Amino acid sequence: MTQNQWWKNHHWRFIQTNLREIDMQDIDAKQYVQDMLSFGATVAMINTSGIIASYPTKLPYHYQSPYLTGDSLKTIIEACHAHDIRVMARTDFSKVRRVIYEQHPDWAFVDTDGQIVDYEGDVHVCINSEYQQTYALEIIRETLTELDVDGIFFNMGGYVSGDYSGRQHGICQCGSCRRRFREMTGNELPRQADLADPVYRSYLMFRRETTTAYNRKVCEFIKSIRPDVLINHDTYTEDSGFIRQESNTAWDRALPHWQYSGSENTKWVRGSFPTFISSNTTVDFIDFPSRHVAVSPWQQALRLYQGLANGGMPDYYLIGRLDNHRDRSGFEPIRQAFQFHARHQELFRDLRADCRTVILAGDHWGGHGDGDMQEFFGLYRALTEAHHLFDVMLLSQVVRQGLAKYQTIILPGCAALAAETATVIDQAVHQGATLISSGLTGRRNERLDELSENALACLRAVKPLAERPARGAYFQLDDHAWTEALRDTDLVTIDGDYFYAEYPADAERYGRLIPPQPYGPPERCYSLYPATDYPAAARLHYGQGTVILLPWQPGRLFQRQGYANTAAFLSDVLGRIAELQPIGGNLPPMVESTLLYRDGEDFRLLCLVNGSGHFGNSFYKPLTLTDLRVQVPLAAKTVRSVTRLSDGEALPFSWQEQRLTIEVDRLEAFDALLIR
Ligand SMILES: [Zn+2]
């Protein structure tokens, strides 16, 4: 740990101007700073090095920009510093210009046909090449000694197999990869992604280990030159810092939009790395092919408010500069979100969720990750829309963070679990926590090898039998004692697979599976096969704790289709079987509610994010909501005041039996209520 952690005392409002090479032709330092100040930004990110050197470089393999006729980076950085704006250097070592590749063909990424990837004159280079392993460090050294930057960011680090057009080029077969993989595993490189192939599974571990080793090496190298420099996602040399994520859209991404992107990206950073700043950026543009047109201004605002509501900092990213950007539709709502943060910046720092529920997820970047992300997203939605208070933690951080804070742990289809992670979960359940697990859980280890018994001891009493497609099946509810949301239906629909298993005799069962039934012609659409004893949910005991098992994938179904039937099932599982206490009152499902606190202080911030503008696949201005009543379960001794931050108004409230009821007369896009 270094002494000079400037980021600990700097209010964080981040703007990334992703400069094109031509932006340096006529860039004006004064204008640049003025534009930053008009947003209240306190951190600017500027392209410096890698694919293009945006300053005069002495290094022969660092491609010199021919457009350096505007103010220099040195002048711009000085101007920023004069206004207390910190500057992050943006670098990208994933590609080199064709002319550099021609001098060093061995640096290139090579696909399974032996071809390189030349994208419009930029050639993809491999992480294991001499360029990234050695030469990039020289570029970093020059950048950090020539330019007085405060931090550094690496774009497209690690193993990159896709190009900007979304084409996938597979597993790199270059000489460096071949050599290194052989040295580490004794095997030849796999040519295809196939989880059934043990060599491919060991390649996945190889990728993970070499990426970690590379990141560590680069972070340590930087700290040896400039210990004061902040590095994105440096959990190697620092105990604090920043982790940057993106909320973005893409032409070819499957719908629905992940409408909690800003909230979820922030939750996992704050839940997994609580001493790090979460800087989740709203990406201005629609997709790479449409970099100059913005997504809805209200979508951008929503992402920023979701970030604030979950303890994150505002962050905006656009292509080019603010003064020459051609679609300015997002500027005003983004300014408003930044200014809200600026007005309340002393309150909005080092905040964490006040909650006793956590949902665990595989490592994921922008939604692409290990494990069943759709199941995770669906359960995330169900929790949010029923107003449960919860954290997200990456499975990789469970051992480090522990689970002692939580009463309820949710595993959404986490098929692969490391033995040490499983032990921490088992211990928490044994000591009294409730585990809710959906889909397939704990069937593989972290190397993705299949296990002969479940990674979780608390699930070993359940013996798996078979996995079968369940389209056309139902769950029959003979008993409505546990239902509230499901009170007017005797059936729950199911799609995807059902995971048949044998349960211990004392397991409590909820619902009975009717196996797939005929669904056409109408004359034949009735229960031909009788209901079985296979449950929709089962509850077992383990030590002092409880395990609730959902042997299907309700999260996936809800995320894809959003049916009320699935939402009602999940609501009853969470509220009635697991007995979680959500925020009550009359908040509609479209309002996300979070409760934040700061260690050692006795205030709470109740944040309300109005998502009512999300309609179909568009994001409009949210409706003004009126006459809201919010009931917050709160373990406080007393409540003296409730103040709405947007207008400083004291709101009427009542307080009894650890339950705070607040009357909120109106809610626009976002608000935070300060409870003292
Ligand atoms: Zn390679």
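## Here we look at the sheet that holds strand β1 (residues 14-18)
Argument step 1. A sheet is described by the order of its strands in space; here 8 strands give the open sequence β8-β7-β3-β2-β1-β11-β10-β9, paired in parallel fashion. In the strand order of this sheet, the two ends are held by β8 (230-231) and β9 (241-247), each with one partner.
Argument step 2. Summarising the sheet, strand β7 (residues 151-155) and β8 pair through 2 bridges and their orientation is parallel. By the bridge assignment, Ile-152 is partnered in β8 with Ile-231.

## Topic: a nonpolar patch on the surface
Argument step 1. A surface patch of nonpolar side chains, about 290 Å² in accessible area, is lined by Tyr-526, Leu-528 and Tyr-529.
Argument step 2. Tracing the backbone shows Tyr-529 in the loop between β24 (512-514) and β25 (537-542).

## Some points on the sheet that holds strand β6 (residues 122-124)
Argument step 1. Taking strand neighbours across the sheet as the criterion, the 3 strands line up as β4-β6-β5 in an open arrangement whose pairing is antiparallel. Each edge of the open sheet carries a strand with a single partner, namely β4 (95-97) and β5 (118-119).

## Describing unusual backbone geometry
Argument step 1. Here the bond from Leu-255 into Pro-256 is cis, since omega is 5 degrees, no more than 30 degrees from zero.
Argument step 2. Along the chain, Pro-256 turns up in the loop between β9 and α7 (261-272).
Argument step 3. For Glu-579, which is not glycine, the phi torsion reads 55 degrees and is therefore positive.
Argument step 4. You can see Glu-579 is positioned in the loop between α14 (564-577) and β27 (584-585).
Argument step 5. Phi is positive for Gln-658, close to 60 degrees, though the residue is something other than glycine.
Argument step 6. Looking at the secondary structure, you find Gln-658 in the loop between β34 (653-656) and β35 (659-667).
Argument step 7. Under the relative-accessibility criterion, Gln-658 is labelled partly exposed at 42%.

## Some details on empty space enclosed by the protein
Argument step 1. With the rule as written, the count across this model stands at 7 cavities of 30 Å³ or more.
Argument step 2. Taken as a whole, the largest cavity encloses approximately 80 Å³ of empty space.
Argument step 3. Around the largest cavity, the lining residues are Trp-298, Ala-301, Leu-302, Tyr-305, Asn-610, Gly-611, Gly-613, His-614, Phe-619, Tyr-620, Pro-622 and Ala-669.
Argument step 4. Here the lining of the largest cavity takes 4 residues from helix α8 (residues 297-309), the largest share from any one element.
Argument step 5. Looking at the lining of the largest cavity, its residues break down into 8 nonpolar, 4 polar and no charged.
Argument step 6. Mapped onto the domain boundaries, the lining of the largest cavity takes at least three residues apiece from domain 1 (6-91 + 131-158 + 205-343) and domain 3 (584-675).

Thresholds, definitions, all that
Residues numbered from 1 in each chain as written. Predicted model: local features only at pLDDT ≥ 70, side-chain atom pairs only at ≥ 80, totals over all residues. Heavy atoms only, no water. Pairing = 2+ DSSP bridges. Helix = DSSP H or I, 4+ residues; strand = E, 2+ residues; numbered from the N terminus. Patch = residues over 30% accessible without salt bridge, like charges linked within 9 Å, V, L, I, M, F, W, Y side chains within 5 Å. Areas by Shrake-Rupley, 256 points an atom, 1.4 Å probe, with all protein chains shown as cover. Salt bridge = Lys/Arg side-chain N within 4 Å of Asp/Glu carboxyl O. Buried < 20%, exposed > 50% of the residue type's maximum accessible area, 1.4 Å probe, protein only. 1 Å grid on protein atoms, 1.4 Å probe; cavity = no way out; pocket = protein on both sides within 12 Å on 5 of 7 lines; lining within 4 Å. Points joined across faces, edges and corners; volume = space filled by probe spheres on them. Nonpolar A, V, L, I, M, F, W, Y, C, P; charged D, E, K, R; others polar. Domains from an automatic or database assignment.

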